[in-house]
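In case you want the letters, here they are:
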Amino acid sequence: MLRRIFASKIDYFMRKVIGIGETVLDIIFQGDQPVSAVPGGSTFNALISLGRSGVPATFISETGNDRVGRRIISFLEENHVDTSNVNVYPESKSPLSLAFLNEQNDAEYLFYKDHPRDRLDFSYPEVNEDDIVLFGSYYALNPVIRPQVLAFLQYAHQRGAILYYDVNFRASHQHEVMKLTANFLENLELADIVRGSHEDFNILFRMTDADTIYRTHVSFYCKKFICTCGKEPLVVRAEDGFRKEYAVTPTDVVSTIGAGDNFNAGFVFGLLKQGITSSMVTDGLTEEQWDRLINSAQLFSAECCRSINNSVSPEFGKQMQGL
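Per-chain numbering applies: the sequence of each chain, read as written, is numbered from 1 onward. In view of the model being predicted, local features appear only for residues whose pLDDT reaches at least 70, and side-chain atom pairs are presented and counted only at 80 or more, with totals across whole chains, interfaces and linings using the full set of residues. To obtain the side-chain values, all non-hydrogen atoms of the structure were included, while hydrogens and water were left out.

Caption draft 1: Structural view of the overall build of the protein chain. Strands are runs of DSSP state E lasting at least 2 residues, helices are runs of H or I lasting at least 4, and numbering of each runs from the N terminus. Across its full length, the protein chain holds 12 helices and 13 strands. Compactness check: the protein chain gives a C-alpha radius of gyration of 18 Å against a globular reference of 20 Å for 323 residues, within 12% of the reference. Projecting the C-alpha coordinates of the protein chain onto the three principal axes gives extents of approximately 50 × 45 × 40 Å. Think of it in three bands: residues with accessible area under 20% of the maximum for their type are buried, residues over 50% are exposed, and the middle band is partly exposed, with areas taken using a 1.4 Å probe on protein chains only. Residues counted as buried form 56% of the 323 residues belonging to the protein chain. By definition in these notes, contact holds between two residues if any of their heavy atoms fall within 4.5 Å. For the protein chain, the share of sequence-separated contacts (at least 6 apart) that also reach a separation of at least 24 residues comes to 74%. Taken as a whole, the protein chain presents about 14,500 Å² of accessible surface, with 50% of it coming from carbon and sulfur. This count recognises Lys and Arg as positive and Asp and Glu as negative, with His and chain-terminal groups excluded. Lysine's charge is taken at NZ, arginine's at CZ, aspartate's at CG and glutamate's at CD. One finds the centroid of the 30 positive side-chain charges in the protein chain at a distance of 3 Å from the centroid of its 41 negative side-chain charges. Note on method: radius of gyration uses C-alpha positions; expected globular size equals 2.2 Å times residues raised to 0.38. Values of accessible area rely on a 1.4 Å probe in the Shrake-Rupley scheme; residue burial ignores everything except the protein chains shown.

Caption draft 2: Seen up close, the side chain of Thr 58. Among the secondary structure elements, Thr 58 is positioned in strand S4 (residues 57–64). Owing to a relative accessible area of 8%, Thr 58 belongs among the buried residues under this scheme.

Caption draft 3: Representation of helix H8 (residues 210–218) in the model. Taken together, the buried positions of H8 are occupied by Ala 210, Ile 213, Tyr 214 and Val 218. The buried residues of H8 occupy an angular sector of 100 degrees when the element is viewed end-on, so they sit on one face. Packing partners of the buried residues in H8 comprise helix H6 (177–190), helix H7 (198–205), strand S11 (225–229) and strand S12 (232–237). The arc in question is the one spanned by the directions pointing from the helix axis to the C-beta atoms.

Caption draft 4: Representation of the pairing of strand S9 (residues 162–166) in the model. Judged by how many residues are buried, S9 sits mostly within the fold: 5 of 5 residues are covered. Of the two faces of S9, the one lined by Ile 162, Tyr 164 and Asp 166 and the one lined by Leu 163 and Tyr 165 are each fully buried. Pairing between strands is defined by DSSP: at least two bridges between them are needed. Of the strand pairs in this sheet, S9 and strand S10 (residues 193–197) are connected by 3 bridges, and their pairing is parallel. Residue pairing across strands places Asp 166 opposite Arg 195, the latter belonging to S10.

Caption draft 5: Focus on the sheet that holds strand S13 (residues 243–246). Across the sheet, which stays open at both edges, the 9 strands sit in the order S5-S4-S1-S8-S9-S10-S11-S12-S13 with mixed pairing between neighbours. Because the sheet does not close on itself, it has two edges, and the strands there are strand S5 (81–89) and S13. Sheet twist, expressed as the average angle between the axes of neighbouring strands with direction ignored, equals 20 degrees. By the bridge criterion, 4 bridges tie S11 to S12 in an arrangement that is antiparallel. Paired with Ile 226 across the bridge in S12 is Val 236. Where helices are involved, their axes are fitted lines through C-alpha atoms of the stretch in contact, as for all axes, and angles between N-to-C directions lie from 0 to 180°. Packed onto the sheet, helix H9 (residues 259–273) meets strand S1 (17–20), strand S8 (132–136), S9, S10, S11 and S12 and runs at close to 165 degrees relative to S9.

Caption draft 6: A look at unusual backbone geometry. Phi at Ser 137 is positive, roughly 65 degrees, even though this residue is not glycine. By the secondary structure assignment, Ser 137 is in the loop between S8 and helix H5 (146–158). With phi around 60 degrees, Arg 206 is a residue other than glycine that occupies positive phi space. Within the fold, Arg 206 resides in the loop between H7 and H8. Its relative accessible area of 67% is what places Arg 206 among the exposed residues.

Structure below.
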């Protein structure tokens, strides 16, 4: 049975995950008091969880040449994420994010970035067929670094990687929706799997119904779509009319800051553990495969929400390695 559910460890470790995204220091507040400060960023959080779970992971990003930047680099390395493609800019300060938890432990954000200018300069890490590329947020849309990001995504697509796109569009960029639309559509077209929340699509399109979003904005470009809706059931849509709702796993929530990021991590972990290849994704996933992928995604997300950290615990990661 285990052979049918998961790939062998040899196949599992032959593949890797490559993430591209921002780095920040998340300062977390309860009420008006800071209670924690941890390195973060959407793709960053997912890669930390994957690294802790034994997945070979590489991060493409940038940070400043300061104490925060050095901590970000060391944190990645401590959690087994390759930092060869994280650029440290000598005249830049690392970005900060202030996350204010409300009574439901949901977060409201303020972002501070003091880079003199956005830029991205990296040599491509090796990308092989069936590797997984995780990208998203404003980083995947930013017009200033768009040429470099797009070129890498196209390269990874040509190399036969699976591209997983997390929309993760914040209200702070709502005034830029029109000018970012072309970049957004390019991302959809390159992606093999798209995930977004009802909040993302309310900001982008002023709609929250998953079926309408899929039909009018996603399906023409990408057939595999996941729409999460907080505590409400999430919806999966795919080719040939596939549609299924999944109830959200009940959890004692301490913080939702990394919930979506770790959903992504768990989904990617499931792709690897089930041995799902690029050609299998292209041909279409079975209902059983979707069930196991969503279960893995929710497992990681629920684990993250049980603490004030942005990723799953090292202990949870070790448990995942033993599966």
